[in-house]
Amino acid sequence: MFTTDQDFKISELLSSNCKVVIVVHRNPDGDALGSSLGLQKYLRNAFQINAEVIVPDPFPDFLDWMPGSETIIIGNKQKEETNLAFQQADLIFCLDFNHPARTDQLEESIINSKAYKVMIDHHREPDNFCDAMLSDISASSTCELVLRWILHKKGESYVDKDAASCLYTGMMTDTGSFRFQAATATTYHYAGVLIEKGVQHWLIHEAISNQNSFYKLKLWGLALHEKLVYMPEFRTAFIALSEQDLKQYNYKEGDLEGLVNYALSIKGVLVAALFSERGGKIRISFRSIGEFPVNELSRDNFEGGGHLNAAGGVSYLGLPETIEKFKSILPSYNQLSQQ
Ligand SMILES: [Mn+2]
């Protein structure tokens, strides 16, 4: 939790009806949007503050049902609104990221702002760029931490159904629908608290999971039928998609979300990766089961990081070269060759 001094400062700012900006990482996901929109609604209910939620780039369509999503400012499209909001801000909440570079072009605005900066996040090794930090890598999600803070402030009565639905979404998406190890007793308890607020959890699961487009399914079909590679000797499976593959099926942001989990679902597989060639680079998603640290694998080899069981990375080599690099590092991980 924040220190007493930090808590006091934040409360003082909020009670003075200050200008608030809430900012999240690029490629905003369910946890980034859920935590920011949940916090936005809570601040409106508890302090009559209309916080501006700013995302560096557009969010996927399957999240556009979220209450408040229509108020979101897209940083790389609405530049004037973005600059104005940062200039006026007295208080900035940095949610679901540990380093300002994860906000791309917004990094400068965050660093240069004179506002009081508050981080709420669950990624490892947080950078020291905020005045107050609620950073806990054992939390399932940033949504869980936002709710923890609200409950600590005895603000539960200001969490209405909309805020609760947003916070539930991030807890759900960051834990693979409450399946991952990161989903603790607290996560389940908080989910219960939110359901008591009126969250229609079955509709949220429906809204997140059953929103496939025809082309997306065709792309997944291609990925699973032709692009899935299984290396039983290293308990590893991966999928690699070229720019051409994505174009062929009318790729839209978010279409690959969750695909890597199919590679991970092969019996006996401990590590899965998805390589996709987009915008002149290779984006990589890693997943693992148990103790295998894909965040370290990504940090050491693919300029990335994240969580023990879920991490991202990037490669500026070509697609075939990137895959060769990935294959070449597998033998150095003893955990993968021991049966
Ligand atoms: Mn998160």
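Description of the sheet that holds strand E1 (residues 20-24)
Part 1 of the reasoning: Read across the open sheet, the six strands follow the order E3-E2-E1-E4-E5-E6; overall the sheet is parallel. A strand with exactly one partner marks an edge of an open sheet, and here the two such strands are strand E3 (73-74) and strand E6 (132-135).
Part 2 of the reasoning: Sheet topology note: the strand E5 (residues 116-121)/E6 ladder contains four bridges and is parallel. Within the sheet, the bridge partner assigned to Ile120 lies in E6 and is Leu134.
Part 3 of the reasoning: The sheet strands contacting helix H1 (residues 4-15) are E1, strand E4 (91-95), E5 and E6, and the helix crosses E5 at an angle near 115°.
Part 4 of the reasoning: Set on the sheet, helix H3 (residues 79-88) makes contact with E1, strand E2 (52-55), E3 and E4; between it and E2 the angle comes to about 125°.

Description of the packing of aromatic side chains
Part 1 of the reasoning: Scanning the model with the defined rule gives 16 aromatic pairs in all.
Part 2 of the reasoning: Both rings, one in Phe238 and one in Phe275, keep their centres 5.8 Å apart while their planes meet at 90°; by these two values the pair is edge-to-face. One end of the pair, Phe238, is in strand E8 (residues 236-241); the other, Phe275, is in strand E9 (residues 271-278), and 37 residues separate them in sequence.
Part 3 of the reasoning: Chaining the aromatic ring pairs together yields one cluster made of Phe2, Tyr42, Phe47, Phe93, Trp149 and Tyr158.
Part 4 of the reasoning: The residue whose ring lies beneath Lys325 is Phe302, and the NZ or CZ to ring-centre distance is 4.9 Å.

Some remarks on the layout of surface pockets
Over the atoms, a rolled probe matching the size of one water molecule traces out where space is still vacant.
Part 1 of the reasoning: Empty space within the second largest pocket amounts to approximately 220 Å³.
Part 2 of the reasoning: As for the second largest pocket, its lining consists of 14 residues, of which Lys19, Val20, Asn50, Glu52 and Gln88 are closest to the centre.
Part 3 of the reasoning: When residues of the lining of the second largest pocket are traced back to their parent elements, those giving at least two are E1 and H3.
Part 4 of the reasoning: Looking at which element gives the most residues to the lining of the second largest pocket, the answer is H3, with four residues.
Part 5 of the reasoning: Class assignment for the residues of the lining of the second largest pocket results in seven nonpolar, four polar and three charged.

Focus on unusual backbone geometry
Part 1 of the reasoning: Positioned with a positive phi, Gln48 is a non-glycine residue whose angle comes to about 55°.
Part 2 of the reasoning: As for its placement among the helices and strands, Gln48 is situated in the loop between helix H2 (30-47) and E2.
Part 3 of the reasoning: On the accessibility criterion, Gln48 (58% relative accessible area) is exposed.
Part 4 of the reasoning: Even without a glycine there, the phi angle at Lys154 is positive, about 55°.

A look at the state of the cysteines
Part 1 of the reasoning: Counted by the stated rule, this structure contains zero disulfides.
Part 2 of the reasoning: The thiol of Cys94 is unpaired, and the distance to the nearest cysteine sulfur, on Cys130, comes to 4.0 Å.
Part 3 of the reasoning: Judged by its relative accessible area of 0%, Cys94 falls in the buried class.
Part 4 of the reasoning: Cys166 supplies the cysteine sulfur nearest to Cys143, a cysteine that is in no disulfide, at a spacing of 7.9 Å.
Part 5 of the reasoning: For Cys143, a relative accessible area of 0% corresponds to the buried category.

Definitions and limits used
- Throughout this description, residue numbers start from 1 for each chain and increase along the sequence as written.
- Thresholds applied to this predicted model are a pLDDT of at least 70 for local features of residues and 80 or more for the giving and counting of side-chain atom pairs; totals over whole chains, interfaces and linings are not thresholded and use all residues.
- Excluded from the side-chain calculations are hydrogens and water; all other atoms, namely the structure's heavy atoms, are used.
- By definition, two strands form a pair when at least two bridges between them are found by DSSP.
- Runs of E in the DSSP output that reach at least two residues are strands. Runs of H or I that reach at least four are helices, and both are numbered from the N terminus.
- Residue contacts are defined here by distance: any two heavy atoms, one from each residue, within 4.5 Å place the two residues in contact.
- Interaxial angles span 0 to 180 degrees and are taken between N-to-C directions of axes, which are lines fitted to C-alpha atoms, for helices over the stretch in contact.
- Pairing of aromatic rings covers Phe, Tyr and Trp, the last counted by its six-membered ring, and requires centre-to-centre distances within 6.5 Å; plane angles under 30 degrees mean stacked, over 60 mean edge-to-face, and any other angle means tilted.
- Each ring is checked for a lysine NZ or an arginine CZ that lies within 6 Å of its centre and within 35 degrees of its normal; such an atom marks a charge sitting over the ring.
- Put simply, the grid is 1 Å and covers the protein atoms alone, a cavity is a trapped set of points that fit a 1.4 Å probe, a pocket is an open set with protein on both sides within 12 Å along at least five of seven lines, and lining residues have an atom within 4 Å of a point.
- Grid points are joined across faces, edges and corners, and a volume is the space filled by probe spheres set on the points.
- Under the convention adopted here, Pro, Cys and the residues Ala, Val, Leu, Ile, Met, Phe, Trp and Tyr are nonpolar, Asp, Glu, Lys and Arg are charged, and Gly plus all remaining residues are polar.
- Each residue is assigned to one of three classes by its accessible area relative to the maximum for its type, calculated with a 1.4 Å probe on protein chains only: buried under 20%, partly exposed between the two thresholds, exposed over 50%.
- Count a disulfide wherever a pair of cysteine sulfur atoms falls within 2.5 Å.

None of the figures reported here should be taken as evidence of function without further support.
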